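Descriptive structure summary
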Amino acid sequence: MNRFKIPIAGVSMLFVHSVLHSAHAGHYKNFDVAIYMRAQEVRQAADPKWLESRWAVVQKQLSVDKVYIETHRDGAMPDAETVDAAKRFFKDKGVRTAGGITLTVNEGNRFQTFCYTNPDHRKKVQDIAEFTARHFDEIILDDFFFTNCKCESCIRAKGRRSWTRFRLDLMTEAARDLIIGPAKAVNPKVKVIVKYPNWYEHFQGLGFDLETEPKLFDKIYTGNETRDPDRSNQHLQQYQGYEIFRYFENIKPGGNAGGWVDPYGSFALDRYAEQLWLTLFAKAPEITLFDFRQMLVPLRKELRADWQGRDTSFDFDAMMAQVRKSDGTWPDDVTYALAAGYAFDRVDPVLGKLGRPVGIKSYKPFHSTGEDFLHNYLGMAGIPIELVPEFPADAGIVLLAETAGADPAIVDKIKKQLTDGKTVVITSGLLKALKGRGVDDIVELQVTERKALVNTFAAGFGPPVQAKKDILIPQIQYLTNDSWEEVSALSDGIGWPILHSADYAKGKLYVLTVPDNFGDIYSLPPEVLTRIRETLMKDLYVRVDGPSKVALFVYDNNTFIAESFLPEDAQIRIVLDSKLKKLQDEISGEELPGKEIPGWWGRKSGKTGYDATLKPHSFRVFRCE
Ligand SMILES: [Zn+2]
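Attention in this report is confined to the structure presented alongside it. Please read all numbers here as calculations on a predicted model, not as lab measurements. (Residues numbered from 1 in each chain as written. Predicted model: local features only at pLDDT ≥ 70, side-chain atom pairs only at ≥ 80, totals over all residues. Heavy atoms only, no water.)

The subject of this paragraph is the overall build of the chain. Within the chain one finds 17 helices and 29 strands. Counting only C-alpha atoms, the chain reaches 75 × 65 × 40 Å along its principal axes. Looking at the chain residue by residue over its 625 residues, the buried ones come to 60%. A separation of at least 24 residues holds for 76% of the contacts in the chain among residues at least 6 apart in sequence. Accessible surface for the chain amounts to roughly 24,700 Å². Of this, 50% is attributable to carbon and sulfur atoms. Here the chain contributes 81 positively and 85 negatively charged side chains, and the mean placements of these two sets differ by 2 Å. (Helix = DSSP H or I, 4+ residues; strand = E, 2+ residues; numbered from the N terminus. Buried < 20%, exposed > 50% of the residue type's maximum accessible area, 1.4 Å probe, protein only. Contact = heavy atoms within 4.5 Å. Areas by Shrake-Rupley, 256 points an atom, 1.4 Å probe, with all protein chains shown as cover. Lys, Arg positive; Asp, Glu negative; His and termini not counted. Charge placed at Lys NZ, Arg CZ, Asp CG, Glu CD.)

In structure tokens form, the structure reads like this:
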């Protein structure tokens, strides 16, 4: 498991970073940086020389405001004296400390958690919370405050409830009676934070309760680690690094204390930097780097991506120029801390210019699932998403995926939006889930059991456009002249809706057909993606046309970021409302020339287009006025 373990000899004290000291003399203007130290390392820190030499390596490469000192993981617990010594060590360095708890019995055994129906386990959890609260005024629970126990005691306690209901109830009780209550009894000043991991679609099944817990805990925290979208086993899309922070912020506004990133699964260092940037683009006030060990892992030349050497947002060579020796190599104590520090330096100057994030509101009721993680695929297609836990009745346009079907009143809520003259976009997955629930009362449409394998699309009045691959879609059946195909898939003389519209009262309902493989959204031709973006983003002042895997982050003060996750240059067209007359690159100062985009039938579109290029795995920050 510990494949990143660093040999003691690997930490050389010979290397003097005079350049780095000046680069990192001040802390960052727009966020705090924290490092998490696992209980195993805290125990080793009982040897002051061990800690001093390693801290020297970290702090010369990175400004650190805070260290989370862990008191439990997998049964490992540092003693009180060691915790106090570590606190003193960091206080002397001007670094704040907080406590950390990982509630695992054995991470190596499929993340075995505690059993919350076992009296011995319950006592242990309470003891850990009390011990930690005695030492710290702030405590964070790492990812594991859930339960995957299915022992006979848990089976009996579950009774006739579903596992989801049983575990939600069990963990809400444990939060109150084993963690927060006992911690505050020992230290009334203590603030307890629960950190939620990246698998938010499935929390309820393991007892993470996003409905009750954010009200019980003082703050929540976001697991922004998404790692590699293709090769890591969770298949998390890059956009999630932004979207999940926004989702949790919308659950506890002002109470999402920070985002958390680790370097696992980043086969190129750009991927690591991207996760840090996405967390900050989402406006995280603090970013936690997991973990102290990882910050000491030397950087290898294999982490330099193929697309480097072209002035990309993460410039490996520019970073290494600070530390490179005359023979081209770099010292052993050039570590991930340098990569984090370099990545932070790249974005801190622009973060303060960004306003409040805005996006298409999409409702995800508590404890719901369906079309898992689909929102992140849409985000990767350039559609800014704001996941919200309450139905956003005030929004002019609402996006609803299958997950929204968990609300028993969802059809009535859709109807109300439409009668109020608003727009609702539902996915084919939700349309299917609403069968027999009154959706026919709005429009007679159905998702059939038939599928079509398609690669040709009609996206407007021009000739059909081709996808690079075949895409499997569900066939939606409708009544001609009752509702209309806005975008169609075509094959052998037949066609099916990709984007479909229906009028209802003063409002408009759209159905977006989601491919069976959500990843096929990336293969939809740019013309199709443009029509989908036009529809969903009609109330935003900007959209970006071009290929998928280019994300757009929009703020309420006429600033926005376009970020490419493609390994080659991306040609994009930024499309602005015509009331905006000027577009400027906020980093280079370059003003981009725009031209009016013609509308249908020679009419004015009211939009101006600005052509731009994004380098591989790079972002640009823009301001318009
Ligand atoms: Zn159990």
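Quick look at the pairing of strand β23 (residues 559–564) now. Of all six residues in β23, six are buried; the element is thus mostly enclosed. Because side chains alternate across β23, one face comprises the buried residues Thr559, Ile561 and Glu563, and the other comprises Phe560, Ala562 and Ser564, equally buried. Across five bridges, strand β22 (residues 550–555) lies against β23 in antiparallel orientation. Across the sheet, residue Ala551 finds its bridge partner in β23, namely Glu563. Remark: three residues form the turn of the hairpin made by β22 and β23, two consecutive strands paired antiparallel; Asn558 in that turn has positive phi of roughly 65°. (Pairing = 2+ DSSP bridges.)

Let us look at the sheet that holds strand β8 (residues 219–223). Strands sit in the order β1-β2-β3-β6-β7-β8-β9-β10 around a closed barrel of eight strands; the barrel is parallel. Neighbour-to-neighbour, the strand axes of the sheet open up by a mean angle of 30°, direction not taken into account. Strand direction decides the pairing type here: strand β9 (residues 256–261) and strand β10 (residues 286–290), joined by three bridges, are parallel. Opposite Gly259, over in β10, you have Ile287 as the bridge partner. Helix α4 (residues 80–92) contacts β1 (32–37), β2 (66–72) and β3 (96–101) of the sheet and is inclined by roughly 175° relative to β2. (Axes fitted to C-alpha atoms, helices over the stretch in contact; angles between N-to-C directions.)

Under the criterion given, the structure shown has 44 aromatic pairs. Arranged with centres 4.8 Å apart and planes meeting at 50°, the rings of Tyr36 and Trp260 form a pair that is tilted. Taken as a pair, Tyr36 in strand β1 and Trp260 in strand β9 lie far apart in primary sequence, 224 residues in all. The exposure class of Tyr36 is buried, given its relative accessible area of 0%. Taking the relative accessible area as the measure of exposure, Trp260 reaches 1% and is therefore buried. Among the aromatic residues, ring-to-ring pairing joins Phe111, Phe144, Phe146, Tyr196, Trp199, Tyr200, Phe203, Phe208, Tyr247, Phe248 and Phe373 into one connected group. The side chain of Lys158 reaches across the aromatic face of Trp163, ending 5.6 Å from its centre. (Phe/Tyr/Trp six-rings, centres within 6.5 Å; stacked < 30°, edge-to-face > 60°. Lys NZ or Arg CZ within 6 Å of the ring centre and 35° of its normal.)

Taken together, the nine strands give an open sheet; going across it, the order is β13-β12-β14-β15-β20-β19-β18-β16-β17, and neighbouring strands pair in mixed fashion. Two strands lie at the open edges of the sheet, namely β13 (385–388) and β17 (465–477), each paired on one side alone. Each strand axis lies, on average, 30° off the axis of its neighbour in the sheet, ignoring direction. By the bridge criterion, two bridges tie strand β12 (residues 360–363) to strand β14 (residues 397–400) in an arrangement that is parallel. Note that in β14 the partner of Lys361 across the bridge is Val398. Sitting on the sheet, helix α17 (residues 526–536) touches β12, β14, β15 (423–427), β16 (446–458), β17, β18 (484–491), β19 (494–504) and β20 (507–512), and the angle it makes with β19 is about 10°.

This part is about the coordination of the zinc ion. Expected angles at a metal are 109.5 degrees for tetrahedral coordination by four donors and either 90 or 180 degrees for octahedral coordination by six donors. Within the protein, the zinc ion binds to Cys115 (SG), Cys149 (SG), Cys151 (SG) and Cys154 (SG); these donor distances fall in the range 2.2 to 2.3 Å. Geometry at the zinc ion is tetrahedral, judged from its four donor atoms and the angles of 102 to 117° they form at the metal. Of note, the donors binding the zinc ion are all from one chain and are spaced C-x33-C-x1-C-x2-C. Taken together, the residues Cys115 in the loop between β5 (112–113) and α5 (119–135) and Cys154 in helix α6 (residues 152–158) connect sequence positions 39 residues apart. Each member of the pair, Cys115 as well as Cys154, is classed as buried. (Donors = N, O, S within 2.8 Å, 3.2 Å for Na, K, Ca; no water. Tetrahedral: all angles 85-135°; square planar, octahedral: opposite > 155°, others 65-115°.)

Once that is clear, we can look at unusual backbone geometry. For the bond from Phe290 to Asp291, the omega torsion is -5°, close enough to zero to count as cis. By the secondary structure assignment, Asp291 is in the loop between β10 and α12 (316–321). The residue Arg227 is not glycine, and still its phi comes out positive at about 60°. By the secondary structure assignment, Arg227 is in the loop between β8 and α10 (240–251). For His367, which is not a glycine, the phi torsion comes out positive at approximately 65°. Position of His367 among the secondary structure elements: in the loop between β12 and α14 (374–380).

Two side chains that carry opposite charge are able to pair once their charged atoms sit near each other. Within the structure shown, the criterion is met by 54 salt bridges. Its salt-bridge partner being Lys66, residue Glu138 comes within 2.5 Å of it at the nearest N-O pair. Of this pair, Glu138 sits in strand β6 (residues 138–141) while Lys66 sits in strand β2; the two residues are 72 residues apart in sequence, bridging distant segments of the chain. Its relative accessible area of 24% is what places Glu138 among the partly exposed residues. For Lys66, the salt bridge goes to Glu286, with nearest N and O atoms at 3.0 Å. Of this pair, Lys66 sits in strand β2 while Glu286 sits in strand β10, and the two are 220 residues apart along the sequence. Given a relative accessible area of 7%, Glu286 falls into the buried group. (Salt bridge = Lys/Arg side-chain N within 4 Å of Asp/Glu carboxyl O.)

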